[in-house]
Structures are given as C-alpha cells and as structure tokens.
Amino acid sequence: MSQWTLFEDDFKLIDDVLDELLQRTNALSAHLIDRSGQVINSAGRVDDFDVTSFASLAAADFTANAELAQLLGEPSVDAVVNEGKSRSVYSRLLADRVILSVVFDRRSSLGLVRVRSRRGADTLDGVFRTLFEKVGIAEAPTESFEAAPEFAAAASHEVDALFGE
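The present account deals with the structure reproduced in this document. None of these values were measured; they are calculated from a predicted model. (Residues numbered from 1 in each chain as written. Predicted model: local features only at pLDDT ≥ 70, side-chain atom pairs only at ≥ 80, totals over all residues. Heavy atoms only, no water.)

1. Let's talk about the pairing of strand S4 (residues 87-94)
Consecutive side chains of a regular strand alternate in pointing toward one face of the sheet and then the other. Just so we agree on the cut-off: Under the scheme applied here, a residue whose accessible area is under 20% of the maximum for its type counts as buried, over 50% as exposed, and between as partly exposed, the area being computed with a 1.4 Å probe on protein chains only. In this text, helices come from DSSP runs of H or I with a minimum length of four residues, and strands from runs of E with a minimum of two, each type numbered from the N-terminal end. Only strands joined by at least two bridges in the DSSP assignment are considered to pair.
Where burial is concerned, most of S4 is hidden: six out of the eight residues are buried. With four bridges connecting them, strand S3 (residues 79-82) and S4 associate as antiparallel partners. Considered in S4, the bridge of Val 81 is made with Tyr 90. Between S3 and S4, which follow one another and run antiparallel, lie four residues. Pairing geometry for S4 and strand S5 (residues 98-105), over eight bridges, is antiparallel. Note that in S5 the partner of Leu 93 across the bridge is Ile 99. The hairpin turn running from S4 into S5, its antiparallel successor, is three residues long, and Ala 95 in that turn takes a positive phi close to 50°.

Structure below.
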C-alpha cells in the first residue's frame, strides 16, 4: 500500500462529515480505515473497544468479502454488514482504498444507517479521490487478499488475540 497523509483542510472536512453522519444516523461511532487496516480517523464513542484491532479486522473482513464476491462472480463488493445482538457494523468502500465503518446499536437500524450514510459516503469518496490525485496515487489498488500474505498473517494474529488464542 502506498503511504499518504491528510492535508489539514481535508482532515477538517472529513471530521465534519463524520460528525454529521453520527448525528444523522444516531450511530455510536464512525471509522475511516485504509485497506491495510490502519485507522485514518474515528469519531464518536471510541473508548469502549480497541479501535486498532477493530480497524485491522474490519479491513480483513472487507477484503475477505470482496474475495467471496469474486468467487461468486461479482466484480466487487460495495458494502459489508455485521449484525450483532447489541451492536452492528455497516462498512462501505470509498475511493477504492478506504473503508467507512459505522458502528450502531438498537437506537438506530441498518436501513437508517445505510440510507443516511450515503451522502456522507459520497462526500468522503470525493475527498479521498481528490486527495489521492494530489499525492499521485489515484489508480485503484490491484492487490488481492492472496497477494498480501503479510496482511493476512497480521489479520489472523488479530483474530487469535481477540479470542485469546
């Protein structure tokens, strides 16, 4: 994965979009994660779970679902949903490189999060596409899950650590 940094204006816009997203969806938190599993930014309640592990696992989950989609003849996956009893996660791909993950509980619903996050996702997609053009990495990554064994090993380690193995 190419290295890149956020410019101050981009960071402010991203922060504002995430805050509005949380208000519109009544979600607990929103996270921007790059495809390698690194946290770009988080908003909302982030102190009740390990955000670093969450980011790594969310990226691995998204990548695994993209591979499943290809196995089933779909060219890509746009969104991944993890529904739990008390909390759920809706994740969507932005600018072919960034994953937006929204964590929500029973005060919200998947439908509400999906519909109301669309505007924020569109704005963020544009911000990241423009940013990647500025820093010269505008082309979409072509690595598949199998082409990134170090990421697969790191994700596997995170899963083992999460379950105490």
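2. Considerations on the side chain of His 31
So the rule is basically this: Residues adjacent in sequence count toward polar contacts only when both atoms are side-chain atoms; beyond that, a polar contact is any pair of N or O atoms within 3.5 Å, and within protein one must be able to donate a hydrogen and the other to accept it. In what follows, residue pairs with any heavy atoms lying within 4.5 Å of each other are defined as contacts.
Considering the arrangement of structural elements, one finds His 31 in strand S1 (residues 29-34). The exposure class of His 31 is buried, given its relative accessible area of 1%. Within the structure, His 31 has its side chain in polar contact with the side chain of Ser 42 (distance 2.8 Å). In this view, His 31 contacts Asn 41, Ser 42, Val 46, Phe 49, Val 51, Phe 54, Ile 99, Leu 100, Ser 101 and Val 103; residues no more than four positions away in its chain are not counted.

3. Examining the sheet that holds S5
To summarise the sheet geometry, strands pair through backbone hydrogen bonds and adopt either a parallel or an antiparallel arrangement. Formally: Throughout, an axis means a line fitted to C-alpha atoms (over the contacting stretch in the case of helices), and angles, computed between N-to-C directions, take values from 0 to 180 degrees.
The antiparallel open sheet is built from five strands, whose spatial order is S2-S1-S5-S4-S3. Each edge of the open sheet carries a strand with a single partner, namely strand S2 (39-44) and S3. With strand direction ignored, the average angle separating the axes of adjacent strands in the sheet is 15°. Packing against the sheet, helix H2 (residues 51-71) makes contact with S1, S2, S3, S4 and S5, and its axis sits at approximately 65° to S1.

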